[in-house]
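Residues per chain are reported as follows:
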Amino acid sequence: MLKHKLKYYTSIIVIGLLCGSIMAAIQYSNFLKNIERKTYDFRFLVRGPIQVSDKIVIIGTDEKALDEIEDPFVFWNPYFAKIIKAVAGGGATAIGIDFLQTISLKDKVAGTDHDGIMADALMEAENVIMINLLRWDTTINGLKALNPLPRYLYAADPDNVGFSNLTIDRDGCVRRQILLMSDTENNVYGYIGLKVIAKALNSPIEKKGNHLIVGDYTIPVNEYNEMRINFAGPSGTFPMLSFYEVWKMASLENGDFFREHFQGKIVLIGPGNIYSQDFKPTPYYRSRYYSGTPQTLGVEIIANTINTIVQQNFIIPLEEWQTMLIILFLGIMTSYISFRLPPVIGGIASFSLLGIYVFICIALFAYYNIFLQLICPIGSIPLVYTAVFAYRYTIEDKEKRMVKKIFKRYVSREVVDEILKSPESLRLGGNRVHVSILFADIRGFTSLSENKDPQYIVSLLNSYFSIMADIILKNKGTLDKYLGDGILAFFGAPVERDDHAESAVRSAIEMIAGLDKLNKDQNIVPPLKIGIGIHSGSAVVGNVGSELKMEYTVIGDTVNTASRIEGLTKELKASILITEATYSQLKNNYNIVPEKEVLLRGKTKPIKLYRIE
């Protein structure tokens, strides 16, 4: 038993760990990362939009501005300058300009020094963050910054610049953002969203371990200084003020408007129209075309990054080793379920486990911003189930099918099930066990059959054997063989039982009653009578025969003794005779009458017999 259990649980653990390790290796190799990204996006869609911070305001260059402002966009610096002064005067804590200002207009155009107007506004506001672009330069084999015009850069302060490069996954979608990068000269640049927060808090940016510290905000990042953006919703989630309307208010010098809308706020100014090329897919974007949910503007991505930091609702992924443990745990759990249950029920239970894990992943993301890897963990479940099914079919179930094939002719289905629960207790080659042997024989059947039609005799025997076999199997006995009109059965094997004597006697009594019913039902004249002999003792049970024909049977002196006891039933005019070895093991009260002692042939000591009325 212990050896079988050890083998059983070892198989569970080995298959679970092996399949789990395969999926863990796939997880580590990022082979299914693109599919995992889609499940990540799906969690945003299930969760839906969340509340955004009222500290963030976007001013977008909308279609109305393009229609109403006659100057080409390249000459909009005076418009930007007027808005910057008004917003800063309204009490904005920081202003981020999501336009790369690289075109010099220092020569007077139509009598206006555009560069000077913009530079004056930047210098007066003192809290404007401009953007640069970090590009790969093949000549230096590294990153190089494309900065705003020097005049703007120094007017705003050289430190008030942040890169606008988005961190884009292989499928073109923005899900995370690098917050710090270095160029080939080891100059460290901050992402515009991070720089805007630092300016609003008047705080430096510090790196401590796997966190960035800005004022009271602690930002978890990975080894690449990346932060997952907790997108508050699709494009349009953040309210966007019209560039043209804000400019009109600035022209009217409406101070109340600017104090009402911008005091204590972080203000972002960027492209806000459909003609802009600054669109990128995010987790909420579901189409490659402009049908359905549109892509998200770059300025909105900046706003989502700032919102994540300000709200401190960071998406926290599990460590790699934690994901590996989950994969291995699910593998072992599935292996245990698949081994313990029948294939169909085990499949239902295993895929229920898959569903539970998916639900947990979605719930943890929606309510706690915890991101669990999904594809490889749930991939381990069907893989393990298939492996266990194959193992059971080729190895374990093959043994069970063999056992069923051997024993279904001898024992009841319930006994077969018991054998399959503890196959280690069965040794098909031969096993010495303590059993009770039952011999039953029809009295005078030879003379009866001589005067009857052969077909009737065969039909009668079939009815008789069917009734007797059902009784023996019902009492968990083993039907060994039919001997002409006789029956050999034994109790206590192949599954060992302490009550084998009780089962044999109970079977004998029910066999007498069953025969009486058969006589009445078929009006058999003269009625059939049987003699039953029962003896308990040690015997060898196992497969006996040759390669061509082999039977599961019982052999030994106990069998011979039971046969001779059955032969004495006619002499002693008894229906059921049992030996003292059987009588001594009975616990129930039967109508038992002591008989004489008999000395059987080949025995040196007499055997005490008992009659069961």
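What this report covers is the structure whose coordinates are included nearby. (Residues numbered from 1 in each chain as written. Predicted model: local features only at pLDDT ≥ 70, side-chain atom pairs only at ≥ 80, totals over all residues. Heavy atoms only, no water.)

### As for the overall build of the protein chain
Here is step 1 of the chain: Within the protein chain one finds 19 helices and 26 strands.
Here is step 2 of the chain: Among the 613 residues that make up the protein chain, the fraction classed as buried is 50%.
Here is step 3 of the chain: Accessible surface, the protein chain as shown: approximately 30,800 Å² in total, 55% of it carbon and sulfur. (Helix = DSSP H or I, 4+ residues; strand = E, 2+ residues; numbered from the N terminus. Buried < 20%, exposed > 50% of the residue type's maximum accessible area, 1.4 Å probe, protein only. Areas by Shrake-Rupley, 256 points an atom, 1.4 Å probe, with all protein chains shown as cover.)

### Observations concerning the packing of aromatic side chains
Here is step 1 of the chain: For the structure shown, the criterion picks out 25 aromatic pairs.
Here is step 2 of the chain: Taking 6.1 Å as the distance between ring centres and 85° as the angle between the ring planes, the aromatic pair formed by Phe73 and Phe80 counts as edge-to-face.
Here is step 3 of the chain: When the ring of Phe257 is compared with that of Phe262, the centres are 6.3 Å apart and the planes differ by 75°; the resulting orientation is edge-to-face.
Here is step 4 of the chain: These aromatic residues form a ring-pair network of at least three members: Phe73, Trp76, Tyr79, Phe80, Phe99, Phe243, Tyr244 and Trp247.
Here is step 5 of the chain: Over the aromatic face of Tyr40 sits the side chain of Arg228, whose NZ or CZ is 5.1 Å from the ring centroid. (Phe/Tyr/Trp six-rings, centres within 6.5 Å; stacked < 30°, edge-to-face > 60°. Lys NZ or Arg CZ within 6 Å of the ring centre and 35° of its normal.)

### Digging into the layout of surface pockets
Here is step 1 of the chain: What the largest pocket holds in volume is close to 1,200 Å³.
Here is step 2 of the chain: Taken together, 34 residues make up the lining of the largest pocket; nearest its centre are Asn222, Arg228, Pro317, Leu318 and Glu320.
Here is step 3 of the chain: With four residues, helix 2 (residues 33–47) is the single largest residue contributor to the lining of the largest pocket.
Here is step 4 of the chain: Its residues assigned to classes, the lining of the largest pocket shows 16 nonpolar, seven polar and 11 charged. (1 Å grid on protein atoms, 1.4 Å probe; cavity = no way out; pocket = protein on both sides within 12 Å on 5 of 7 lines; lining within 4 Å. Points joined across faces, edges and corners; volume = space filled by probe spheres on them. Nonpolar A, V, L, I, M, F, W, Y, C, P; charged D, E, K, R; others polar.)

### Considerations on the packing of helix 2 against helix 12 (residues 343–368)
Here is step 1 of the chain: At a closest axis distance of 9 Å, the pairing of helix 2 and helix 12 adopts a crossing angle of 65°. Note that helix 2 runs across helix 12; the crossing there is right-handed. Of helix 12, the residues touching helix 2 (which contributes Tyr40, Phe42, Arg43, Phe44, Val46 and Arg47) are Cys361, Ile362, Phe365 and Ala366.
Here is step 2 of the chain: Partitioned by chemical class, the residues of the contact of helix 2 with helix 12 number eight nonpolar, no polar and two charged. (Axes fitted to C-alpha atoms, helices over the stretch in contact; angles between N-to-C directions. Left-handed = near helix turned anticlockwise from the far one by under 90°. Contact = heavy atoms within 4.5 Å.)

### Details of a nonpolar patch on the surface
Here is step 1 of the chain: The grouping of Phe42, Leu45 and Val46 at the surface amounts to a nonpolar patch, some 250 Å² of accessible area in total.
Here is step 2 of the chain: Within the secondary structure, Val46 is located in helix 2.
Here is step 3 of the chain: Owing to a relative accessible area of 42%, Val46 belongs among the partly exposed residues under this scheme. (Patch = residues over 30% accessible without salt bridge, like charges linked within 9 Å, V, L, I, M, F, W, Y side chains within 5 Å. Salt bridge = Lys/Arg side-chain N within 4 Å of Asp/Glu carboxyl O.)

### Structural notes on a negative patch on the surface
Here is step 1 of the chain: Among the surface-exposed residues, Asp67, Glu68, Glu70 and Asp71 lie close enough to one another that they form a single negatively charged patch.
Here is step 2 of the chain: The topology assignment puts Glu70 in the loop between helix 3 (63–68) and helix 4 (77–89).
Here is step 3 of the chain: A relative accessible area of 78% means that Glu70 is categorised as exposed. (Lys, Arg positive; Asp, Glu negative; His and termini not counted. Charge placed at Lys NZ, Arg CZ, Asp CG, Glu CD.)

### A few points about the environment of Tyr285
Here is step 1 of the chain: On the secondary structure map, Tyr285 appears in the loop between strand 15 (279–280) and strand 16 (296–297).
Here is step 2 of the chain: Overall, the relative accessible area of 10% leaves Tyr285 in the buried class.
Here is step 3 of the chain: Within the local environment of Tyr285, its side chain forms a polar contact with the side chain of Gln295, the two groups lying 3.3 Å apart. (Polar contact = N/O pair within 3.5 Å; in protein donor to acceptor, adjacent residues only side chain to side chain.)

### Topic: the nonpolar core
Here is step 1 of the chain: Counting residues in hydrophobic clusters, the biggest one holds 49 residues, and the most contacted among them are Leu179, Val196, Ile197, Ile219, Met227, Leu268 and Ile306.
Here is step 2 of the chain: Looking at which element gives the most residues to this core, the answer is helix 10 (residues 298–311), with seven residues.
Here is step 3 of the chain: The contacts of Leu179, once residues within four sequence positions are left out, are Phe163, Tyr189, Gly190, Tyr191, Leu194, Leu212, Ile219, Val221, Asn225, Met227 and Thr305.
Here is step 4 of the chain: Counting residues in each nonpolar core, the second largest holds 37 residues, with Ile83, Ile84, Val87 and Leu122 among its members. (Core = buried A, V, L, I, M, F, W, Y, C linked by side-chain atoms within 4.5 Å.)

### Focus on empty space enclosed by the protein
Here is step 1 of the chain: Evaluation of the coordinates by the stated rule reveals two cavities of 30 Å³ or more.
Here is step 2 of the chain: Of the volumes computed, that of the second largest cavity is approximately 40 Å³.
Here is step 3 of the chain: Here the lining of the second largest cavity gets four residues from one element, more than from any other, and that element is helix 13 (residues 375–407).
Here is step 4 of the chain: Its residues assigned to classes, the lining of the second largest cavity shows four nonpolar, one polar and one charged.

### As for the side chain of Asn127
Here is step 1 of the chain: With respect to the element layout, Asn127 can be found in the loop between helix 5 (114–125) and strand 3 (128–137).
Here is step 2 of the chain: Residue class for Asn127 comes out buried when judged on its relative accessible area of 9%.

### A few points about the pattern of salt bridges
Here is step 1 of the chain: Evaluation of the coordinates by the stated rule reveals 19 salt bridges.
Here is step 2 of the chain: The closest approach of N and O atoms between Glu36 and Arg43, which form a salt bridge, is 3.1 Å.
Here is step 3 of the chain: Given the relative accessible area of 5%, Glu36 is considered buried.
Here is step 4 of the chain: The residue Lys474 makes a salt bridge to Glu510 at a minimum N-O spacing of 2.9 Å. With a gap of 36 residues between them, Lys474 in helix 16 (residues 454–474) and Glu510 in helix 17 (residues 500–522) connect regions that are remote in the sequence.
Here is step 5 of the chain: Lys474 sits in the exposed class, given a relative accessible area of 56%.
Here is step 6 of the chain: Residue classification places Glu510 among the partly exposed positions, given a relative accessible area of 23%.
Here is step 7 of the chain: Each member of the salt-bridge network shares a partner with another, and the members are Arg37, Lys38, Asp41, Asp169, Asp171, Arg175, Arg176 and Glu226.

### Observations regarding the sheet that holds strand 10 (residues 211–214)
Here is step 1 of the chain: Ordered by their spatial adjacency, three strands build an open sheet running 9-10-11, and the pairing between neighbours is antiparallel. In this open sheet, the two strands that pair with only one neighbour each are strand 9 (205–208) and strand 11 (217–220). Sheet twist, expressed as the average angle between the axes of neighbouring strands with direction ignored, equals 25°.
Here is step 2 of the chain: Pairing between strand 10 and strand 11: four bridges, direction antiparallel. Bridge pairing in strand 11 places Ile213 opposite Thr218. (Pairing = 2+ DSSP bridges.)

### Looking at the side chain of Asp169
Here is step 1 of the chain: Relative to the assigned elements, Asp169 resides in the loop between strand 5 (161–163) and strand 6 (176–178).
Here is step 2 of the chain: Looking at Asp169, its side chain comes within polar contact range of the side chain of Arg176, at 2.5 Å.
Here is step 3 of the chain: Setting aside anything within four residues of it in sequence, one finds Asp169 in contact with Arg37, Arg175 and Arg176.

### Details of unusual backbone geometry
Here is step 1 of the chain: Backbone torsion omega between Ala493 and Pro494 reads 5°, so that peptide bond is classified as cis.
Here is step 2 of the chain: Positionally, Pro494 belongs in the loop between strand 21 (486–491) and helix 17.
Here is step 3 of the chain: Cis geometry is adopted by the peptide bond preceding Pro526, which originates at Val525 and carries an omega value of -10°.
Here is step 4 of the chain: When you line up the elements, Pro526 lands in the loop between helix 17 and strand 22 (530–545).
Here is step 5 of the chain: The backbone of Asn186 sits at a positive phi, close to 65°, despite the residue not being glycine.
Here is step 6 of the chain: Among the structural elements, Asn186 can be located in the loop between strand 7 (180–182) and strand 8 (188–190).

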